[in-house]
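The lines below spell out each chain.
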Amino acid sequence: MRQRLHNTRIFAIFSALFVAGGGYLVACVGDDPAIPGPTTEAGTGDSAAGTDGASGGDGASGCSDTTADAKNCGACGHVCATGFSCASSVCGNTPVQVATWNSGLLYPPPGATPLKQTACALLASGDVYCWGWNQFGQLAVSSTTTTSATAVHVAGIGPMDQIAVGGGQVCGLLRADGSVWCWGLDIGGETGQIPPNPLTTPLPPTKIAGVAGYKAIVAHGYFTCALDGSNRITCWGANDRQDLDHLQGSDGDQPSGTCAPGTPTTCYNSIPAASGTTATSIALTDFGGCGSSASGMSCWGDTAFGSAGGGTGGALNVPVDSIDGGPAPAMFGLSGGTETMCGVLAPPGEAFCWGDNVEGQFANGLKTPASAMPIATPFGVPNDGGVPPSDILQVAVGDDHVCALHSGGTVTCAGRNDEGELGAPGAIETCTTAYPNAGHTSICSTQALQVQATSGTGMLTNVTAIAAAGGMTCAIVKDGLDAEVDCWGSNTGGDLGHATGTSGDHTCDAGQGCTFNQVPSKAAGLP
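Criteria and thresholds
Residues numbered from 1 in each chain as written. Predicted model: local features only at pLDDT ≥ 70, side-chain atom pairs only at ≥ 80, totals over all residues. Heavy atoms only, no water. Helix = DSSP H or I, 4+ residues; strand = E, 2+ residues; numbered from the N terminus. Buried < 20%, exposed > 50% of the residue type's maximum accessible area, 1.4 Å probe, protein only. Contact = heavy atoms within 4.5 Å. Areas by Shrake-Rupley, 256 points an atom, 1.4 Å probe, with all protein chains shown as cover. Pairing = 2+ DSSP bridges. Axes fitted to C-alpha atoms, helices over the stretch in contact; angles between N-to-C directions. Salt bridge = Lys/Arg side-chain N within 4 Å of Asp/Glu carboxyl O. Core = buried A, V, L, I, M, F, W, Y, C linked by side-chain atoms within 4.5 Å. Lys, Arg positive; Asp, Glu negative; His and termini not counted. Polar contact = N/O pair within 3.5 Å; in protein donor to acceptor, adjacent residues only side chain to side chain. pLDDT = per-residue confidence, 0-100.

*Asks:* Can you walk me through the overall build of the protein in this structure?
*Replies:* Broken down by element type, the protein carries zero helices and 33 strands. Taken across its 527 residues, the protein has 60% of its residues classed as buried. Within the protein, residue pairs in contact and separated by at least 24 positions form 58% of the contacts whose partners lie at least 6 positions apart. When the accessible surface of the protein is split by element, carbon and sulfur atoms take 54% of a total near 17800 Å².

*Asks:* Where do I start with the sheet that holds strand S24 (residues 392–397) in this structure?
*Replies:* In any sheet, the strands associate via hydrogen bonds between backbone groups, in a parallel or an antiparallel arrangement. What the five strands build is an open sheet, ordered S24-S25-S26-S28-S27; its pairing is antiparallel. Whereas interior strands pair on both sides, the edge strands pair on one side only; in this sheet they are S24 and strand S27 (429–432). Along the sheet, successive strands turn relative to each other by an average axial angle of 30°, direction set aside. Direction of pairing for strand S26 (residues 411–416) relative to strand S28 (residues 441–450): antiparallel, over a ladder of four bridges. Its bridge partner lying in S28, Cys 413 is registered against Leu 449.

*Asks:* Help me understand the pattern of salt bridges, please; the structure alone is not making it clear to me.
*Replies:* Any two side chains of opposite charge can pair if their charged atoms end up close together. Tallied over the entire structure, the rule returns four salt bridges. With its nearest N and O atoms 2.7 Å apart, the salt bridge here joins Arg 232 to Asp 228. Judged by its relative accessible area of 7%, Asp 228 is buried. Asp 400 is the salt-bridge partner of Arg 416, the closest N and O atoms lying 2.8 Å from each other. Separated by 16 residues along the polypeptide, Arg 416 in strand S26 and Asp 400 in the loop between S24 and strand S25 (401–406) bring together distant segments of the chain.

*Asks:* How do you make sense of the environment of Gln 138 when you look at a structure like this?
*Replies:* With respect to the secondary-structure elements, Gln 138 resides in the loop between strand S5 (128–133) and strand S6 (147–153). Given the relative accessible area of 3%, Gln 138 is considered buried. Along the chain, Gln 138 and Cys 120 lie 18 residues apart, while their C-alpha atoms are 9.2 Å from each other. Setting aside anything within four residues of it in sequence, one finds Gln 138 in contact with Thr 118, Cys 130, Trp 133, Gly 167, Gly 168, Val 170, Trp 183 and Gly 184.

*Asks:* Would you mind going over the nonpolar core with me for this structure?
*Replies:* When a protein is soluble and globular, its nonpolar side chains tend to lie buried together. Core analysis: the biggest nonpolar cluster contains 38 residues, and Val 128, Trp 131 and Val 485 have the highest contact counts within it. Residues Cys 413, Ala 427, Val 463 and Ile 466 belong to the second largest nonpolar core, which totals 18 residues.

*Asks:* Mind showing me how you'd approach the side chain of Asp 495 here?
*Replies:* Tracing the chain through its elements places Asp 495 in the loop between strand S31 (482–490) and strand S32 (506–507). No salt bridge forms around the buried Asp 495; measuring N to O, its nearest opposite-charge neighbour Lys 116 is 10 Å away. Polar contacts involving the side chain of Asp 495 include one to the main-chain amide nitrogen of Gly 493, which spans 2.6 Å. Not counting the four nearest positions on each side in its chain, Asp 495 is found in contact with Lys 116, Gln 117, Ala 119, Trp 131, Gly 132, Trp 133, Met 472 and Ser 490.

*Asks:* How should the sheet that holds strand S33 (residues 515–522) be read in this particular structure?
*Replies:* Read across the sheet, five strands follow the order S29-S30-S31-S33-S32 without closing on themselves; strand pairing throughout is antiparallel. Edge strands, defined here as strands with exactly one partner in the open sheet, are strand S29 (463–469) and S32. Looking at chain direction, strand S30 (residues 472–479) and S31 are connected through eight bridges and run antiparallel. Following the sheet pairing, Met 472 is matched in S31 by Gly 489.

*Asks:* Help me out: how do you make sense of the confidence of the model for the protein in this one?
*Replies:* Fine structural detail should not be taken from predicted coordinates in areas where pLDDT scores are low. Averaged over all residues, the pLDDT of the protein is 78; the fraction at 70 or higher stands at 70%. Here residues 1–55 is a poorly scored stretch, pLDDT under 50, and it has 195 contacts once near neighbours within four places are set aside; other chains count. Below pLDDT 50 for its whole length, residues 105–112 participates in 21 contacts with residues either more than four positions away or in separate chains.

The structure is reproduced here in structure tokens:
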């Protein structure tokens, strides 16, 4: 049944991809490159237990200021990690954003690249730590032949305000001036360098020349997009599917002329160029992207799976102002996967998804190949007869799974679960993938499942933000005045922040060559 969505007032809250006026989410702005270690003043040791909400002090015990004292941060006796200061009652070592994406295929045919995932965490101090695969230099360390199951501090950059992880590139916004810094893969201009670096020479953290004042940044596959100071969508990198919000072969693309979809190195543009589209939230898929503001939403790219709206065929070369003939709704916190896009109406509110649903990632009990129209997603548990819950703060989309963060701090997920990316047992249905490895039969759930706690018993609680990629999901979980990053799903190269084959990891079905864990676990190495 066709549903009609009406524009709804957007309320700003903590989420993963909101921008417009700053705040935590996917980014912020920074300073000239510096400091190989933590960017804040030293504390005096590991965190100690404290109580939430304290902002005053206790003069009798030497605790007079809990807003800026690294020994009494947020509460008397709560100590920040060594090397980090306290600001606004928050320790600098507190994770405030997690981002992740992948390269390769989850179910690779013979000779294809297997799934390789990288995750990064942004701390309140502006420091960035990354773990997982480093084949393209995503961890910003010299060797690209290793992986790291322990978070590695990214040196050579100043404090960042947002980060974004693509297929092989990692980018961020410098806190001081909103300039864009990228590192890793640059075969199609996705790090904004002229000319692009060859694959054999991963790019170290490098500033994109002439770019500053940006408010948000997202990355996907071989291209990157951001919002400039006027909220205009600005993209660079591969343009083989109109990914950059302009017709391929135009606006300075190299080489000029058309190129075949799926060939990012033969049709690209290293120069960030603002389009005529403005937005306050932006997200990307393998086939393009969408931007949303209080006045509505527009999308661009290849509409093969409907994630760019405007029907389910042909390619678009300009943003669309409607989806499948109906008015495009205003959405907050957009999130894109391989060929699925989701967003939230006026969070806490209902979540809507469009694009590919062949593995039941819409949580609506169906397995449909494509929808160009946003569909309400019943991510509640239990589903209450399929009625969509109105308490969703954020959505995170992976290859073929979608997770929703609820206002109570819990997480539900639906879609493919071959590698435990739903973080829950109980996925007993079978689904067939549509892209990129069409025809693979997988375990899935077309109903939302509750993500379990790190103990494997009960539900994961106190979650403040989520991120998803390929076959994995991560969450920032509050623990009193502290916080940690917990991840679950595919773990072929330390992707989850622990060594492959440890912490209760399981081996995938014969021939798939992968390891996974459906129980969330804490990512190692974060301060």
